[in-house]
Structures are given as C-alpha cells and as structure tokens.
Amino acid sequence: MTVYTPRHAARVLLVDADGRVLLFAGFDPARPEHRYWFTPGGGLDPDESPAAGAARELAEETGLRLTPAELGEPVWRETVEYPFDGVWYRQEQEFFLVRVPSWEVDTAGFNDIEQASVTGHRWWSAAELAASDEVYYPRELLAILSRVATPGDSAGATVAETTGANAPAGGSSAADAAGDRVGGAPC
C-alpha cells in the first residue's frame, strides 16, 4: 500500500501576448530518466493561502512580482498523486492565470531542489504542445488553456506593468498505473 504525504500547492499559468505558456523542464532526482515540463508554482507554506503561495512562487521562479490580489481567483483545481525523489505525494493544487505582454524569466530565486532538478524553461504555443512528444503537466493543460486563456476574455490577471526586478520586454486526477503522474514538481 502506498503511503502518501499530503501537500497543498499553487501553480501559475503564465501566458504571454502570443498565447504561449511558460513551462519549466525538470526531472525527478530519484528517476532522472523521467523528464517533463511543468508550470511555475509549488508547495504552500503553513497557513499560506493559495494566492499568496502562487505569488511567492511566481516571484521566486520567474522574477515576476504580483500581489495575491492581482492573481484573482483560481481558474482550475486538481488533486494529483505522484512520486518525487522517493516520496509519494497527494497534492491538492490550484492554478491561477496571469497574462503578460512578454517576460524575461529570472530564475535567481530557485531553491536548492529547483536548482538541482530544473534544467530550463520555454514558452510553448498550444500548437507546439499538441504536436510534441514531450511529457508536460498538468496533462489537461491544453484543455485548460483553451478554456481560460483566450485573448480578450476576463479570466485571470493581466499584467500591463510590473513591479518585479524585470520589466516586460514587449478536475481531479489519480496516479497513472505507470507511476509517472506528476502534476507539478514539489518545487
């Protein structure tokens, strides 16, 4: 019987003016061959709200600084079960949508786990994700983006000017039988 460590997390769908979403490339240290792409975000601190955690993680992982209020309401929720570095997690996570004209990603705020297990980042279009053989999480990302990230809709936060260090440059899921359901690294 698998024993799960409960965890709460907040993640961000960071979408630029071209409709591309930012994803990080990473791997599980206990299974280095298991490589995948995932959204910015991570575990909540004790007594931290999902919006506050999402804002903190966004600043740490991308350099983009927003207040929790600027994130608005979550656009999607899920529960995932996954292994990371030899530990099984059952993670409840909420996703926030943030639009930017563009953004120069600054990963200087990565913690030790992120520095060791994140190998890069990239802005992905929906067409690139659909055509790719790469693994990305959440697996429902394309459906989520098609529902919430349509240009001109009112869901999520739109960032015209930022206060960060960088200025802009212009459902429920269970573990797969194979045990490779991540839904986001514990970073």
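Residues numbered from 1 in each chain as written. Predicted model: local features only at pLDDT ≥ 70, side-chain atom pairs only at ≥ 80, totals over all residues. Heavy atoms only, no water.

1. Here we look at the overall build of the chain
Along the backbone of the chain there are five helices and nine strands. Its helices and strands in sequence order give the chain the pattern β-β-β-β-α-α-β-β-α-β-α-β-α-β, from N to C terminus. Per-residue burial for the chain yields a buried fraction of 50% across its 187 residues. For the chain, the exposed area adds up to about 8600 Å²; of that, 51% sits on carbon and sulfur atoms. (Helix = DSSP H or I, 4+ residues; strand = E, 2+ residues; numbered from the N terminus. Buried < 20%, exposed > 50% of the residue type's maximum accessible area, 1.4 Å probe, protein only. Areas by Shrake-Rupley, 256 points an atom, 1.4 Å probe, with all protein chains shown as cover.)

2. As for the environment of phenylalanine 110
If you trace the backbone, phenylalanine 110 turns up in the loop between strand E6 (87-99) and helix H3 (112-117). Residues within four places of phenylalanine 110 in sequence aside, it is in contact with Phe24, Glu60, Glu61, Gln115 and Val118. (Contact = heavy atoms within 4.5 Å.)

3. Concerning the packing of aromatic side chains
Applying the stated criterion across every chain, the model contains eight aromatic pairs. Ring centres of tryptophan 37 and tryptophan 124 lie 5.1 Å apart, and the angle between their planes is 80 degrees; this geometry places the pair in the edge-to-face category. Remark: tryptophan 124 occurs in strand E7 (residues 118-124) and tryptophan 37 occurs in strand E3 (residues 31-38); sequence separation between them is 87 residues. Here tryptophan 37 and tryptophan 124 have matching classes, each one buried. Cluster of aromatic residues (ring-pair linked, three or more members): Phe24, Tyr36, Phe38, Phe110 and Tyr137. Of note, arginine 90 hangs over the ring of tyrosine 4, and the distance from its end group to the ring centre comes to 4.2 Å. Directly above the aromatic system of tryptophan 124 lies the positively charged group of arginine 122, at a separation of 3.7 Å from the ring centroid. (Phe/Tyr/Trp six-rings, centres within 6.5 Å; stacked < 30°, edge-to-face > 60°. Lys NZ or Arg CZ within 6 Å of the ring centre and 35° of its normal.)

4. What about the environment of glycine 63?
With respect to the helices and strands, glycine 63 occurs in the loop between helix H1 (50-62) and helix H2 (68-71). By relative accessible area, glycine 63 is classed as buried at 5%. With 40 residues separating them in the primary sequence, glycine 63 and tryptophan 103 have C-alpha atoms 9.1 Å apart.

5. A short note on the confidence of the model for the chain
This prediction gives the chain a mean pLDDT of 85; 79% of its residues lie at or above 70. Every residue in residues 160-184 is under pLDDT 50, and counting partners more than four places away or in other chains gives 73 contacts. (pLDDT = per-residue confidence, 0-100.)

6. As for the pairing of strand E1 (residues 5-15)
Burial within E1 is extensive, with eight of its 11 residues counted as buried. With 11 bridges joining them, E1 and E6 adopt parallel strand pairing. Along E6, the bridge assignment pairs leucine 14 with valine 98. Bridge analysis of E1 against strand E4 (residues 41-43) gives three bridges, and the strand direction is antiparallel. Across the sheet, alanine 10 pairs through a bridge with glycine 42, a residue of E4. (Pairing = 2+ DSSP bridges.)

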